[in-house]
Structures are given as C-alpha cells and as structure tokens.
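Summary of structural features
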Amino acid sequence: MTVRERIDGIFDRLGITASLHVVELARGRGGSAADGGREVAVRADEQVVIASIFKILLVLEFARQVVAGQLDPRERVLVTADDRLGGWGIAGCADDAEVSLRDLAYFAMSVSDNTAADLLLRRVGPDVLPMLAAELGLSRTRIVGGPRQLAESMLADVGARTEADFARIFPTLPVERVRAMRVFDPERTTSSTAREITRLLGLIWRDEAGPAEACAMVREWMSRQLFWTRLASGFPPGVRVAGKTGTLPGLHLEAGVAEYPDGGRYAIAVFARMADLATRRIDVDLAMGEAARTAVEALRAG
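Attention here is on the structure that accompanies the text. (Residues numbered from 1 in each chain as written. Predicted model: local features only at pLDDT ≥ 70, side-chain atom pairs only at ≥ 80, totals over all residues. Heavy atoms only, no water.)

**What about the sheet that holds strand S1 (residues 17–24)?**
As a general point, the strands of a sheet are linked pairwise by backbone hydrogen bonds and lie either parallel or antiparallel. Taken together, 5 strands build an open sheet; the order of strands is S2-S1-S9-S8-S7 and the sheet is antiparallel. The open sheet terminates on both sides in strands that have one partner only, identified here as strand S2 (39–42) and strand S7 (240–248). Ignoring strand direction, the axes of neighbouring strands in this sheet form an average angle of 10°. Examined bridge by bridge, S1 and strand S9 (residues 265–273) share 8 bridges and lie antiparallel to one another. Each bridged residue has a counterpart across the sheet, and for Val23 the counterpart in S9 is Ala267. Packing against the sheet, helix H11 (residues 282–300) makes contact with S1, S2, strand S8 (251–259) and S9, and its axis sits at approximately 145° to S9. (Pairing = 2+ DSSP bridges. Helix = DSSP H or I, 4+ residues; strand = E, 2+ residues; numbered from the N terminus. Axes fitted to C-alpha atoms, helices over the stretch in contact; angles between N-to-C directions. Contact = heavy atoms within 4.5 Å.)

**Quick word on the pattern of salt bridges**
Pairing of side chains with opposite charge becomes possible as their charged atoms draw close. Taken as a whole, this structure holds 25 salt bridges when the rule is applied. The residue Arg300 makes a salt bridge to Asp262 at a minimum N-O spacing of 2.7 Å. Here Arg300 is found in helix H11, whereas its partner Asp262 is found in the loop between S8 and S9, with 38 residues between them in sequence. Among the residues examined, Arg300 registers a relative accessible area of 34% and is labelled partly exposed. Among the ionic pairs, Arg281 bridges to Asp283, the shortest N-O distance being 2.8 Å. Under the relative-accessibility criterion, Arg281 is labelled buried at 19%. (Salt bridge = Lys/Arg side-chain N within 4 Å of Asp/Glu carboxyl O. Buried < 20%, exposed > 50% of the residue type's maximum accessible area, 1.4 Å probe, protein only.)

Spelled out as structure tokens, the structure:
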C-alpha cells in the first residue's frame, strides 16, 4: 500500500475530504519539491479556505515591521467592548484591557484570538498582507480582509444584525445554506493551497521570509500554540511541533513544522473538511495528526 493510499484510508474511514502536503525542509533549500525537498502530497494544489491560518502571514508582517523599526512591539493598545469579536484570549474579556502589540501577536497565535488579530491587522495595514504573499511567491494565496470582515460577512449572509441574532439563526440553517456562505467559498474568502502554506513555513524556518530575527519571532509564537489535538497529537515525545490551527463549522485545519531530535524538519499542512458542520470532532483532529505522522515517517524511511 502506498503512503497516499494509507493517508486516504485514514480520512476515508471518517468520511473526511482532506488536502495534505508534507515536505522535508532540507538545509539550504527552499521548502518545496521543486526546491529539492522530498514531499508527500494529497490534493495539495486544491484551493481551500484557510481561516485563521492567515495569522501566520499577519504576525510575519508584524515581525518584519518591528525589525525594520517601523513598529514598537511595546506600543500599548486599549481593547474595548467595541473591539471584541468573541472567542478566546482578550476576545473573551468582560472589561477593557491594555496590551502591547507584541502581546497581540502572542494571543493571535497561541489561542487564535480574533480580536488580537484584528487589532494587529489594523496596525500593520490590511493592504500589506496580499503584497507580502506576492513578495514570497505565494501566487495562489489570497487574503480577503481579516477577522472583523469575516464576522461581518457571516452575519450578512445569514441575515443577522447582531452576534446574538447570528447565534439564534445559524443553528436553524440547512447545511446547503451554510455551505453557500462566502466564508466557505475559496474564491470569495481568504484561501490558499496546502503546498503554498508549507512553502511559507519553509521560508520562515530557513529565515528566507524576512530578516532572521523576524522569522525567529514567528517560530517562537507558533511554538506556543496551546492546541495540541491536531498535528501534535500524531507525534511522539521529543518531536517538537509548532503550528497554527484554523477552524470553521465543518473545517478543521492546521499548518506547522515537526522538528526531530536528529535535526529532521518537516513542514506540514492538513486541511480537513467534514460532511457535517461540527466544530468539535476530536476524531478528526486525531486523524489529522495520524496522517501527518504517516507522511513524515514515509519521508524519514526514504
């Protein structure tokens, strides 16, 4: 049985459709098969919604501006009720909070804080990220706004005026209506391919996505992500996994790098789509980790 067949089997048993790309980050090379790295690819060139995985590009741009002296990472930001988008981190605070730009980046990556990401995006400039993607050669990575624009489009698409309206209406919608929302359409929202996201990770891990100090910042923030049930769940103790998740109803996503004690490094992107709209499917998370490990082990076995 080929590695592709084994990975398809992992997803098929749960009724999942998934894109996967895993590439060995050979020293001094560029992070894709074309650059010399060995790869495992399963639907790796399909255009897919990437949701919060776009935050990797966001914090990379922030780090580059910090190193260039354009932004002070200690600059303070007051987060008020009008800024909060709901969810984790400062997004869930009941009271006003004051944090630094650097801590906004930390919250955006560690707990995928949408409020932190929205505020950071305002500061670095929302028009800069598409230009960064183009500069890095990510021709199929499209950035359409940020967390606030995504939330506003979701409210508009279901006919809700407030978050409370949305919480009441959304559970009553048929699956077809939900799937027709802009947030699930790669042509109308932030999207990319598994192959391009691993290319981005390769550039960051080899200090080719900007100054070495900026790339190191991004690696550190990704290593502090708190969610471990997806990619990290597939690897044994001693393997360091730094990653960034993305989640929407029916979509479980993660991109990251697994680093082995012997120096082996592997950029990974796994984007899973379920038939239902569940957001809490531990079986899907664990399958993502299993598929990632299966691909990496195949590369390590030569």
